[in-house]
Amino acid sequence: MNALTNETLQDFCRLAEARFGLTFPPRAWMILSRRLAEAAADFGFDAPVPFVRWLLGNSLDREQYERLVTHLTVGETYFFRDEKMFDALERVILPPLIQQRRRNERRLRFWSAGCATGEEPYSLAILLRRMLPDHAQWDITLMASDINPQFLRQAREGLFNRWSFRCTPEAIRAAYFREESPDRWRILAPVRQMVTFSAINLREDVYPSLLNH
């Protein structure tokens, strides 16, 4: 039998949550089945069922872990995604924090967990530069993390296509990005250098702190 049963999918979902902190509700099982079939082929299996059984009975080395995670994670993101959230940051959350910190340490710390290909933390970096004309005089740490190493490589490169700007005002793209081709823009180095990307599995006790970042 090559088709994944609900029982097998449930077993895999428990494994994925325990090892990677990834959850797949039943409504997403059709998509999950396709991803597991792709991952099975990548790992040299003829069908997903023996592949899942193998996963359930074996530990993965680092290379296998990264390959599997690449198949399981989704990088749906874009610049200034969730307009209400960024509006709240700009109008409600950050102004009093900036006012308070301006009087003493001028230090700000942020962590973007599950950053995918980097649009979210880079959006925050742009927002901070807009709100802090004297940002060079501040100690700003903007940490971004994801479990998918392929996403992180894309984020560090800082090169994005038109789809990443589908809710971004043209003025922001013109001010903070350099066009490299008709459909590719690279974020400017001063903005890119504000963000530090790290591979972190949120199921593990390796969260960033002021001591290590």
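Here, every reference points to the structure presented above.
Reading guide: rules and limits
Residues numbered from 1 in each chain as written. Predicted model: local features only at pLDDT ≥ 70, side-chain atom pairs only at ≥ 80, totals over all residues. Heavy atoms only, no water. Salt bridge = Lys/Arg side-chain N within 4 Å of Asp/Glu carboxyl O. Helix = DSSP H or I, 4+ residues; strand = E, 2+ residues; numbered from the N terminus. Buried < 20%, exposed > 50% of the residue type's maximum accessible area, 1.4 Å probe, protein only. Expected span 1.5 Å × (residues − 1). Arc of directions from axis to C-beta. Contact = heavy atoms within 4.5 Å. Pairing = 2+ DSSP bridges. Axes fitted to C-alpha atoms, helices over the stretch in contact; angles between N-to-C directions. Phe/Tyr/Trp six-rings, centres within 6.5 Å; stacked < 30°, edge-to-face > 60°. Parallel < 35°, antiparallel > 145°, perpendicular 65-115°, else oblique. Left-handed = near helix turned anticlockwise from the far one by under 90°. Nonpolar A, V, L, I, M, F, W, Y, C, P; charged D, E, K, R; others polar.

**Q** Can you tell me about the pattern of salt bridges, naming the residues and giving the values?
**A** Two side chains of opposite charge can pair, provided their charged atoms sit close to one another. Overall, the coordinates contain 16 salt bridges when judged by the stated rule. Ionic pairing is found between Glu63 and Arg67, a salt bridge with its closest N-O pair at 3.3 Å. A residue pair is termed a helical-turn pair when its members lie 3 or 4 positions apart in one helix, as Glu63 and Arg67 do in helix α4 (residues 62–72) at four residues. The partner of Arg101 in a salt bridge is Glu105, and the shortest N-O contact between them spans 3.5 Å. Arg101 sits in the partly exposed class, given a relative accessible area of 23%. The class for Glu105 is partly exposed, based on a relative accessible area of 43%.

**Q** Please provide a residue-by-residue account of helix α1 (residues 6–20), values included.
**A** For α1, spanning 15 residues, the distance from its first C-alpha to its last is 20 Å, which sits close to the expected 21 Å at 1.5 Å a residue. For α1, the full list of buried residues reads Thr8, Leu9, Phe12, Cys13, Leu15, Ala16 and Phe20. One side of α1 holds all its buried residues, which, seen down the axis, span an arc of 165 degrees. Relative to its buried face, α1 has exposed residues pointing more than 90 degrees away, namely Asn6, Glu7 and Arg14. Residues of α1 that are buried in the fold lie against α2 (29–42), α3 (48–57) and α4.

**Q** I'd love a proper account of the sheet that holds strand β1 (residues 107–113), names of residues and values included.
**A** What links the strands of a sheet is backbone hydrogen bonding, and the strands pair in either a parallel or an antiparallel sense. What the three strands build is an open sheet, ordered β1-β2-β6; its pairing is parallel. Two strands close off the open sheet at either side, each with one partner strand: β1 and β6 (195–199). Ignoring strand direction, the axes of neighbouring strands in this sheet form an average angle of 20 degrees. Here β1 pairs with strand β2 (residues 139–146) via seven bridges, running parallel. What sits directly across from Ala113, in β2, is Ser145. Helix-sheet contacts for helix α7 (residues 149–157) involve β2 and β6, and the interaxial angle to β6 is about 165 degrees.

**Q** An account of the packing of aromatic side chains is needed here, citing residue identities and associated values.
**A** This structure, assessed with the given rule, holds 14 aromatic pairs. Summarising the aromatic geometry, the rings of Phe79 and Phe160 are spaced 4.9 Å apart at their centres and angled 80 degrees between planes, so their arrangement reads as edge-to-face. On the criterion of sequence distance, the pair formed by Phe79 in the loop between α4 and α5 (83–102) and Phe160 in strand β3 (residues 159–161) is long-range, its members being 81 residues apart. Under the relative-accessibility criterion, Phe79 is labelled buried at 1%. Look at Phe160 and you get buried, because its relative accessible area is 4%.

**Q** Which residues make up the packing of α5 against helix α6 (residues 119–131), and what values do they have?
**A** It is at 11 Å that the axes of α5 and α6 come closest, and there the two elements cross at 55 degrees. The pairing of α5 with α6 is recorded here as oblique in orientation. Once α5 is placed against α6, the crossing between them reads as right-handed. Of the residues in α6, those in contact with Phe86, Leu89, Glu90, Leu94, Pro95 and Ile98 of α5 are Glu120, Ser123, Leu124, Leu127, Leu128, Arg130 and Met131. Split into classes, the residues belonging to the contact of α5 with α6 amount to nine nonpolar, one polar and three charged.

Function cannot be inferred from these measures alone, as they are strictly geometric.
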